[in-house]
Amino acid sequence: MIPASVFKDRTIALFGLGGSGIATARALVAGGARVTAFDDNPDSVARAAGEGVPTGDLRAIDWSAQDAFVLSPGVPLTHPRPHWSVELARAADVEIIGDVELFARERRAHAPEAPFVAITGTNGKSTTTALIAHVLEQAGRDTQMGGNIGRAVMTLDPPEAGRHYVVECSSYQIDLAPTLDPSVGILLNLSPDHLDRHGSFENYAGIKERLVAKSGLAIVGVDDPDCRRIADRLEKDGRRLLRISATSSLADGFYLEGFDLMRAVGGVAEKLATLEGIGSLRGTHNAQNALAALAACLDCGLSAPEIQAGFNSFPGLAHRMEQVARRGRVLFVNDSKATNADAAERALASFERIYWIAGGLPKDGGIETLKSFFPRIAKTYLIGEAAPAFAATIGEATAFEISGTIDKAVDHAARDAAGDPAPETVVLFSPACASFDQFRNFEVRGDAFREAVRSLAGAEMMGSK
């Protein structure tokens with residue numbers, strides 16, 4: 001835990017008592033703050049009280065006596081309308097912050113020299129966060145990873161010189177962190193997302209930009225126009241900036257050339273690392289993640305060989321292009337996190353001969369945008385509620401069957417792929433759908449795929465859970 005000592009002897013209201021909210025409340029109490037915590041769910045309030053967190057109805061407190069209001073990131077700050085607790089705080093002119101802001105203040109107060117890498121973007125931020133943390137750990141650095149991935153940020157070990165923090169930041173967390181100032185800030189990409197919570201794409205992009213606006217080094221992916229504009233603004237403002245691109249060469253910055261990661265300075269380029277043969281970093285989207293990790297880890301003082309060794313041993317994240325098993329020439333890949341067509345596109349673009357398992361609870365637009373990838377697909381195995389609609393979209397473009405369930409789809413896809421004479425085939429589970437028709441979440445769905453593969457005779461599991 002990181003005791004929130006910056007609020008010692010201060011009076012703090014807190015709303016939101018999920019896992020990260022309770023962790024934040026406990027950090028405030030440990031730091032000596034006078035806390036009143038609340039939630040709309042009485043069971044959450046009771047659980048927090050049972051864990052020693054002071055609770056009370058925030059409608060009944062004296063807001064003029066509050067020094068700050070700590071809001072959990074899942075609670076609406078602005079859209080579709082501010083939560084009632086936010087309105088009370090604003091009416092009393094009380095500062096509204098979140099757990100990432102608490103962390104940033106603790107680091108500045110106690111170990112401002114501790115390396116702090118913060119990562120955001122619409123896609124890829126979890127993989128990039130995990131990759132950077134893995135590379136740092138493999139190089140022997142004292143590394144703490146948390147935020148929007150894994151551990152709540154205030155449950156990490158306290159800031160110390162030489163302790164590296166790698167923190168994934170959602171747009172909600174950034175919106176509650178007005179003084180966020182990582183030593184390295186990474187903005188990977190931007191596309192419309194969470195607009196129900198931010199009101200417009202312009203607001204969403206502006207919030208994401210804040211993470212790099214005060215970074216010691218801003219690393220910005222320039223493969224989309226909005227990020228290119230942000231990079232140009234940062235450069236105009238005199239910020240220390242590195243551009244990265246997985247789709248174009250750069251005169252200054254880091255870019256992908258074939259499988260190689262290049263660094264260019266003044267038009268002169270050198271190869272620093274390669275992704276050739278690293279299955280966990282397959283695909284253009286993972287090349288962008290790796291370029292960001294390379295630039296960040298170099299800034300943290302690692303050598304190119306140390307970074308390459310970390311890349312080589314990176315296992316990948318569960319349910320995100322996760323290599324589950326091999327059976328002969330057939331690779332089985334769990335991409336259950338692909339809950340829409342845009343996400344599935346990145347997986348389909350990464351392989352040449354695909355036996356595709358898709359379907360679930362359909363999203364608007366279905367798989368119309370994936371038609372250009374149908375020539376890569378030997379056969380599709382459809383599951384869940386989306387099966388009839390997906391079958392209509394596929395039509396006669398490629399072979400398909402309506403399998404119905406993951407178990408049946410895996411069995412049939414494995415059989416068909418084994419008979420394919422291609423040098424390598426992949427059974428790819430990238431549903432392009434939500435999971436909620438058959439599963440509680442994408443993790444449970446991915447676990448079901450993994451277990452179905454595990455049951456296949458001769459399947460050699462690849463370090464899966």
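Preceding block: the structure.
Residues numbered from 1 in each chain as written. Predicted model: local features only at pLDDT ≥ 70, side-chain atom pairs only at ≥ 80, totals over all residues. Heavy atoms only, no water.

### Comments concerning the nonpolar core
The biggest cluster of nonpolar side chains holds 71 residues, and the ones touching the most others in it are Leu28, Leu58, Phe69 and Leu71. If one sorts the elements of this core by residue count, helix H8 (residues 201-213) sits on top with six residues. Once residues within four sequence positions are removed from consideration, Phe69 is found in contact with Ala13, Leu14, Phe15, Leu58, Trp63, Ser85, Val86, Ala89, Val94, Glu95, Ile96 and Ile97. (Core = buried A, V, L, I, M, F, W, Y, C linked by side-chain atoms within 4.5 Å. Buried < 20%, exposed > 50% of the residue type's maximum accessible area, 1.4 Å probe, protein only. Helix = DSSP H or I, 4+ residues; strand = E, 2+ residues; numbered from the N terminus. Contact = heavy atoms within 4.5 Å.)

### Let's talk about the pairing of strand S17 (residues 377-383)
Most of S17 sits inside the fold, with seven of its seven residues counted as buried. For strand S16 (residues 354-359) and S17, the ladder comprises six bridges, and the chain directions are parallel. Its bridge partner lying in S17, Gly359 is registered against Ile383. Where S17 meets strand S18 (residues 399-404), five bridges bridge the pair, whose relative direction is parallel. When the bridges of S18 are listed, Tyr381 appears paired with Glu401. One crossover worth recording links S17 to the parallel S18 by way of helix H13 (residues 387-394), and it is right-handed. (Pairing = 2+ DSSP bridges. Right-handed = clockwise from strand over helix to strand, strands pointing away.)

### Let's talk about the sheet that holds strand S2 (residues 34-38)
Strand order in the open sheet made by the four strands is S2-S1-S3-S4, with parallel pairing throughout. Here the strands that pair on one side only, and so sit at the sheet edges, are S2 and strand S4 (96-97). Note that strand S1 (residues 11-15) and S2 share five bridges and pair parallel. If you follow Ile12 over to S2, its bridge partner there is Val35.

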